[in-house]
Amino acid sequence: MKFDAAGMQFGDAPTDYIYYKSSVESLNQALGGGIRGGLLVQLLADPGHGKTTLALDFIAQAQQTAKIIDVTVGKTSRPINALFVDLERTFDPAYAEAIGVDLTKLVVYKPQIVEQALPQIEDMLRRGLQVVVFDSVPAMVTKDEFEKEITDPERMAGSAGLLTRWLRRLVGVVDSAQALFIFVNQYRANISPMARTMKKPYGPYSLRYSAGVIIELVRLKTEDDLITIQATVTKSKQGVTGNRTEYQMRQGKGLAADLDLLTLALEAGIVKKAGSWYEYNGIKAQGLSSAATTFDLAEIRTKVLEGDAHV
């Protein structure tokens, strides 16, 4: 048998990893600098807790540097660098654009059945695509389910079994592309009499096993137009598991990255606070939102990132 070195490299061979970041720096820090390219990611939360918003934010940031491939839809060919698999049929282009997604370089894919989607996603990854959001695991419909009558008995674990088989292939494909692949998922009731918790994620356990990063989101409160989200990194193959942070979302506008940045600057002593007043470089503003429109955020961001690099 002839020796075949395909897929091999020496252990000390340097690897130049890509790190995909959100616009929220505190989350990037909790992740250890962002999400390393080539890892499957699971965003997990109850409905309405900001999963899709965070996924779109990752797309918007990744599009600034992700590889371009040409895709033909109908008779139109266009360079794109991100794919949003909209199994839930809820993609809102106006909202995505408000978050910062470049719609001209995005393909929104709405397959009838998941078997139709999986080969297409794999093909685009093999051609160099680096950004995929799969929204969502609970919305997967298999060919068997689609073709059945509504009164026919349900086939147990149909979509779960299909996803398990696909994940075995997908791990290697995503790694080779150094891609950001996000599964959006949510909880369902855990009816097992031996269950330790009242709820568990949709889909097979293999999804948790295959994911390199799992971020669980909880909506804590809503004040005026600001929604506070708690993010916990419950699994990480690239850093510390258990890191947690809080950030805010503006209703209809996406993540409040400016408020998060000022909070980090305050913790680092870059911005000073006395009562409701904030001060930076001799300039004062009342309230965090006012400070965000008054202070030089680009300069503050540079100082925050320099400080993080020295930790």
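This one's a predicted model, so the numbers in the text were calculated from it and none came from an experiment.

Draft legend 1. The arrangement of the sheet that holds strand β13 (residues 226-236) in detail. Strand order across the open sheet formed by nine strands is β7-β6-β8-β9-β3-β12-β13-β14-β15, with mixed pairing between neighbours. A strand with exactly one partner marks an edge of an open sheet, and here the two such strands are β7 (106-109) and β15 (254-255). Of the strand pairs in this sheet, strand β12 (residues 213-223) and β13 are connected by 10 bridges, and their pairing is antiparallel. The partner of leucine 217 across the bridge, within β13, is alanine 231. Docked against the sheet, helix α4 (residues 114-126) engages β6 (82-86), β7, β8 (131-135) and β9 (180-185), running at close to 165° with respect to β8. Where helix α8 (residues 257-267) meets the sheet, its contacts fall on β13, β14 (244-250) and β15, and the angle it forms with β14 comes to roughly 140°.

Draft legend 2. Here's a closer look at the pairing of β8. Counting buried residues along β8, five of its five residues qualify, which places the element largely inside the surrounding structure. Residues Val131, Val133 and Asp135 point to one face of β8 and Val132 and Phe134 to the other, with burial holding for every one of them. Here β6 runs beside β8; their pairing, made up of four bridges, is parallel. Opposite valine 85, over in β8, you have phenylalanine 134 as the bridge partner. Alignment of β8 against β9, held across five bridges, turns out to be parallel. By the bridge assignment, aspartate 135 is partnered in β9 with valine 184.

Draft legend 3. Region of the structure containing the environment of aspartate 135. Along the chain, aspartate 135 falls in strand β8. Each C-alpha atom of the pair aspartate 135 and valine 71 lies 20 Å from the other, and the pair is 64 residues apart in sequence.

Draft legend 4. A look at the packing of aromatic side chains. Under the counting rule described, the total for this entry stands at seven aromatic pairs. Taking 5.1 Å as the distance between ring centres and 50° as the angle between the ring planes, the aromatic pair formed by phenylalanine 84 and phenylalanine 91 counts as tilted. Here the two residues phenylalanine 84 and phenylalanine 91 agree in accessibility, since each one is buried. Plain terms: the ring middles of tryptophan 166 and phenylalanine 181 are 6.0 Å apart, the flat faces sit at 70° to each other, and that makes the pair edge-to-face. Of this pair, tryptophan 166 sits in helix α6 (residues 158-177) while phenylalanine 181 is found in strand β9, placing the two residues 15 residues apart along the sequence. Taking the relative accessible area as the measure of exposure, phenylalanine 181 reaches 0% and is therefore buried. Three or more aromatic residues joined by ring pairs make a cluster, and in this case those are Phe134, Trp166, Phe181 and Phe183. The aromatic ring of tyrosine 17 is capped on one face by arginine 36, whose charged end is 4.5 Å from the ring centroid. One residue, lysine 237, lies across the ring of tyrosine 209, its end atom 6.0 Å from the ring centre.

Conventions we followed
- Residues numbered from 1 in each chain as written.
- Predicted model: local features only at pLDDT ≥ 70, side-chain atom pairs only at ≥ 80, totals over all residues.
- Heavy atoms only, no water.
- Pairing = 2+ DSSP bridges.
- Helix = DSSP H or I, 4+ residues; strand = E, 2+ residues; numbered from the N terminus.
- Contact = heavy atoms within 4.5 Å.
- Axes fitted to C-alpha atoms, helices over the stretch in contact; angles between N-to-C directions.
- Buried < 20%, exposed > 50% of the residue type's maximum accessible area, 1.4 Å probe, protein only.
- Phe/Tyr/Trp six-rings, centres within 6.5 Å; stacked < 30°, edge-to-face > 60°.
- Lys NZ or Arg CZ within 6 Å of the ring centre and 35° of its normal.

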